[in-house]
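Topology and contacts: notes
Here is what each chain is made of, one letter per residue.
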Amino acid sequence: MSEHILSVHDVDVSEGQIPREDWFESSATLHNLRKNKKFPTIWCAGCGIGVVMGSLIRAIESLNLNNDQVALVAGIGCTARMPVYMDYNTLHTTHGRALAFATGLKIARPDMKVIAIMGDGDALAIGGNHFIHAARRNIGITALVVNNSIYGMTGGQYSPTTPEGMRATTAPYGNVEPPFPVCDLAIAAGATFVARSTVYYPLELDKYLAQAISNEGFSLVEAVSYCHTTYGRINKLGSAADMMRQLKDNSVSKPAFDKLDPDARAANTKIVRGVLHIKDRPEYTKIYGSLVERKHEEELRLRNVGRH
Amino acid sequence: MTIQLMQGNEAIAMGAIAAGCRFYAGYPITPSTEVAEVMSRELPKVGGKFIQMEDEIASMAAVIGGRVGGLKSMTATSGPGFSLMQENIGYAAMAEIPCVVVNVQRLGPSTGQPTAASQGDVMQARWGTHGDHQIIALSPISVAQAFELTVKAFNLSEKYRIPVLLMTDEIIGHMREPIELPDFDTVDKFERVVTDAPEEYKAFRNDRGDVPPMASFGRGYRYHITGLFHDEVGFPTQRLDEIDPWLERVKRKIEKADDILLYQTDYQEGARLAVLSYGASARTARHAVKQMRAKGEKVNLFIAQTIWPFPEKAVEELADLTDKIIVPEMNLGQLALEVERVAGRKKVARVNRANGEMVTPDMILKAAEV
């Protein structure tokens, strides 16, 4: 990214760290993208989803996982197109069903790292039932929800995370529904690792995703992003760079948030970034796997007895 | 080999295990629940896995996920659940994922009569999911055949990379009959193999035969599976020169196959009357034919085990032999539409009952007289 590009978008050079010229060529991101897939991506220029894709690749890379042992399962929507570009086992399913497909896959292959990639509408509206039950089972799946508060692919309809009062093509007079707090929902449903950051902080996302993938049970990472093409345009929030800056200005780290006095915490409207929840609880395929093993051995023993 | 008294639903579960099914995902629903109960009990004994999902949409999704992970997979349901599964049955057809879906049909529409039998989902089996697609649907007439056709369903599904529907009904599902179970090790099982090197692997290739090799995830073949129209390696495409060959291939792989169409014929020389049926109604048909023959009448009997694709050539031959084909069904006339398409409307006499009760032999005898 050159200084010229930053200046076009009215971004002060000091706001971002300018990478070295050879950064891209030497990056893990490039090496784990598919060689035979045509680029560019389907995402609009300036979209935050690409930032999350980079983070996910770096997180997997940092764990030294073999790409063959990683499966990316996605539903439908802008975010759900992510796996097609990435050099892993990739399953692009039906709208809302990523976690249900992922559940079958994880049961068949408990040794694999299964990551479900969803947008907010995909995960929480049409897929809401699968989301809470996957969390309840604590099945070893990492749910990555890119939350841009809108249905982007269909052109900007309000989603379960659109804030009240904001406009969408199906909420032309302002949204009257309260949004789902994604992380709170996952915690309440039984997730054992829950973290949140924004696309302004990709290095945080790298770290949280790596922790989430390392967690044996059900993990959720909420990556707060934006959609300048639909949500931003309808709500007059400016360009991609403007919305990125809003993300920067409107978030607070968990340690900083925790230091606030109770009144200030209650009044906080900023996005709280950090690891929000960790719980030690046995993972589903481990528990069921050992049950199956026990029954299977018992049966083999019985059969052998019968033969003698 | 042992002879046991067994329910149709139990025989289906045992057939699945005999065929090598090692993953079941389902949701409780009358009158199919026994399949899930038996699977939850029996699968762990053979090292297989069972899960009760949050609904039938999720069940069908998990079944596909399980097969992508390398386990032969099945689910069982009834009307309302079958409606919910349509979404991902279409996905399995599009992505060519083998799987078996059992529908123990009950009276519909909607919640209907959960404990009453029906054959009301015959057309839904063919056209229930949106868009043109290929499908195989089998329908057993007895407990023993429920076992046999479940094995067959798995083998066809694996061989042709296609979802196979076992369209049974509450009568066969809950009826108990003696059945002689074979040693499961001796049951023929179709196993998919991939011989291509990972770098040459194309999951949806259109050359070298009509059924491309299917690699399971986590075996070194990193590839993309999608419900979008896709090219030979699985990437989404809008190019007609990539879509058309796929459409032609998946149609051809089912149409050209010579082992999908299963039916039994019992013809009499010179008979001008025929009864054609399937599932529980075929039991009534068999009985009515016996009664007519006892009175000295000549009647042909055609029992279809494969209802989709419709065995049109065999029915065409039957139509050439006969003046009238009676089609008894527990619905308002669904497979009869296919018989009419092949034999002509004038030759077909529909015998329908859609109130949850079986067609009676008298209804068929009456239709024969008119």
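Thresholds applied
- Residues numbered from 1 in each chain as written.
- Chains lettered and ligands numbered in written order.
- Predicted model: local features only at pLDDT ≥ 70, side-chain atom pairs only at ≥ 80, totals over all residues.
- Helix = DSSP H or I, 4+ residues; strand = E, 2+ residues; numbered from the N terminus.
- Rg over C-alpha atoms; globule rule 2.2 N^0.38 Å.
- Buried ≥ 20, exposed ≤ 12 C-beta atoms within 10 Å, placed from the backbone.
- Contact = placed C-beta atoms within 7 Å.
- Core = buried A, V, L, I, M, F, W, Y, C linked by C-beta atoms within 7 Å.
- Domains from an automatic or database assignment.

**So, the overall build of chain B**
A count of helical and extended segments in chain B gives 12 helices and 16 strands. Its C-alpha atoms give chain B a radius of gyration of 21 Å, near enough to 21 Å, the size a compact globule of 370 residues would have. Dimensions of chain B along its principal axes, counting C-alpha atoms only, are 70 × 45 × 40 Å. Among the 370 residues that make up chain B, the fraction classed as buried is 55%. Within chain B, contacts between residues at least 6 apart in sequence are counted, and of these 75% link residues at least 24 apart.

**Brief notes about unusual backbone geometry**
Residues and elements named next belong to chain B. With omega at 0°, the peptide bond leading from Thr30 into Pro31 counts as cis. That bond from Trp308 to Pro309 is cis: its omega, -5°, falls within 30 degrees of zero. Locating Pro309 in the fold gives a position in the loop between β14 (306–308) and α10 (312–321). You will see that Glu96, though not glycine, has its phi angle at about 55°, which is positive. On the secondary structure map, Glu96 appears in the loop between α4 (79–95) and β5 (99–107). Unusually for a residue other than glycine, Arg161 sits at a positive phi of about 50°. Relative to the helices and strands, Arg161 resides in the loop between α6 (143–160) and β8 (163–169). Given 24 C-beta atoms within 10 Å, Arg161 falls into the buried group.

**Quick look at the nonpolar core**
Val73, Ala116 and Leu144 of chain A are the most contacted members of the largest nonpolar core, which has 196 residues in total. With nine residues, the single largest contributor to this core is α6 of chain B. If you count residues domain by domain, this core takes at least three from each of domain 1 (2–186) and domain 2 (263–369) of chain B. Those residues in contact with Ala116 of chain A, other than ones at most four positions away along the chain, are Val73, Ala98, Leu99, Ala102, Ile141, Ala143 and Leu144 of chain A.

**Details of the environment of Ser197 of chain A**
Residues and elements named next belong to chain A. Along the chain, the position of Ser197 falls in strand β7 (residues 193–198). Given 29 C-beta atoms within a 10 Å radius, Ser197 is considered buried. Along the backbone, Ser197 and Arg273 are 76 residues apart, and their C-alpha atoms lie at a distance of 4.7 Å.

Any functional reading would require information that these geometric values do not contain.
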